[in-house]
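As a plain string of letters, each chain reads:
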Amino acid sequence: MTYQEILENARGCIGSYCKACPVCNGRACKNQIPGPGSKGMGDTASRNFDKWQEIRVNMDTLCENKEPDTTFTLFGHTFQYPFFAGPVGAVNLHYGEKYDDLSYNALMLKTCMENGIAAFTGDGTNPEVVVQAAKAIAGVGGQGIPTIKPWNLNTIQEKMNLCKEAGCFAVAMDIDASGLPFLKNMTPPAGSKTVEELREIINLSGMPFMVKGIMTVKGALKAKQAGALAVIVSNHGGRVLDQCPATAEVLTEIADALQGSGVKVFVDGGIRSGTDIFKALAMGADGVLICRPFVVAAYGGGAKGIQTYIEKLAGELKDTMAMCGAGSLAEITRDMVRV
């Protein structure tokens, strides 16, 4: 199966919002919600993509000729590559009825694990989403990262208990999901958290905690203060606040602020190729998340489609590393890109 075949297959079953575009740049689905688009004017998702394309890579082939080493370790677990499938919620609403959250998470977790990476699972208003995601994560030996929305504390505690029972090696919270309408009218309240509230949640988790939705140095330092062991630079694909900067625009300053702190830095938003992954690592990220193209791969080819997309990203990353003189992830440095 080729990537082009995946796209063609996906167009027949992915619903009316996502267009399974040859390049997922946020333009064809602009400001469509429901759907994979973004909020308001809808420019943030496309800006995410565009800013990665403005960064160029510096070729240098006066170096040792060897196979690049892409192995990556996170919280004591080793993966073949430094990229992960990002979390998706309400997949049937946004992408079509072929999958629901339960079947999508089960497929993505198993296929990613079999191909050397891990998947994040999503969360939603249906409590069964996290229940079934936890079961699926347990089925792959804990090799998945559940992403919990910033609900009220009682709801969070219930979901954290499920994650612990599943043996997850880490847990995440997409704190920027506080901008989603279904969180705004809960009793007791849900949504944004203070540093003290986040610290309490992290302590409840009892496992390495990742905070997704960090877009400023100030936010990154607050996440560190609360006890997070990783932050994910993310604007939720532009789906929660219009007119945000692109993640590529803020990554380096956040990575610099956390350098030497022990807090891992990840980034998502508009990363679409192995070359983009290389750029993110050169600019200070430890790893990346990719979301929408993994959905298209699942709809267009099931497990084989996901495998094909992983292999595509891996091949592009290795090729860029080889052509820029990086024999391992640790050898990818900032002078290998031109911003």
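Residues numbered from 1 in each chain as written. Predicted model: local features only at pLDDT ≥ 70, side-chain atom pairs only at ≥ 80, totals over all residues. Heavy atoms only, no water.

A. Quick look at the environment of Thr 70. Considering the arrangement of structural elements, one finds Thr 70 in the loop between strand 1 (56–57) and strand 2 (72–74). For Thr 70, a relative accessible area of 4% translates into the label buried. For the pair formed by Thr 70 and Gln 243, sequence separation is 173 residues and the distance between their alpha carbons is 35 Å. Engagement of the side chain of Thr 70 in a polar contact is seen with the backbone oxygen of Gln 80, the distance being 2.7 Å. (Helix = DSSP H or I, 4+ residues; strand = E, 2+ residues; numbered from the N terminus. Buried < 20%, exposed > 50% of the residue type's maximum accessible area, 1.4 Å probe, protein only. Polar contact = N/O pair within 3.5 Å; in protein donor to acceptor, adjacent residues only side chain to side chain.)

B. Local environment of the pairing of strand 11 (residues 287–290). In strand 11, alternate side chains face the same way, and those of Gly 287 and Leu 289 on one face and Val 288 and Ile 290 on the other are all buried. Pairing between strand 4 (residues 83–85) and strand 11: three bridges, direction parallel. Looking at the pairing, Ala 85 lines up with Ile 290 of strand 11. Summarising the sheet, strand 10 (residues 264–267) and strand 11 pair through two bridges and their orientation is parallel. Its bridge partner lying in strand 11, Phe 266 is registered against Gly 287. (Pairing = 2+ DSSP bridges.)

C. Main features of the side chain of Thr 308. For Thr 308, the location among the structural elements is in helix 11 (residues 292–324). For Thr 308, the side chain forms a polar contact with the main-chain oxygen of Lys 304, separated by 2.9 Å. With residues up to four places along the chain from it excluded, the contact list for Thr 308 reads Met 1, Thr 2, Tyr 3 and Ile 6. (Contact = heavy atoms within 4.5 Å.)

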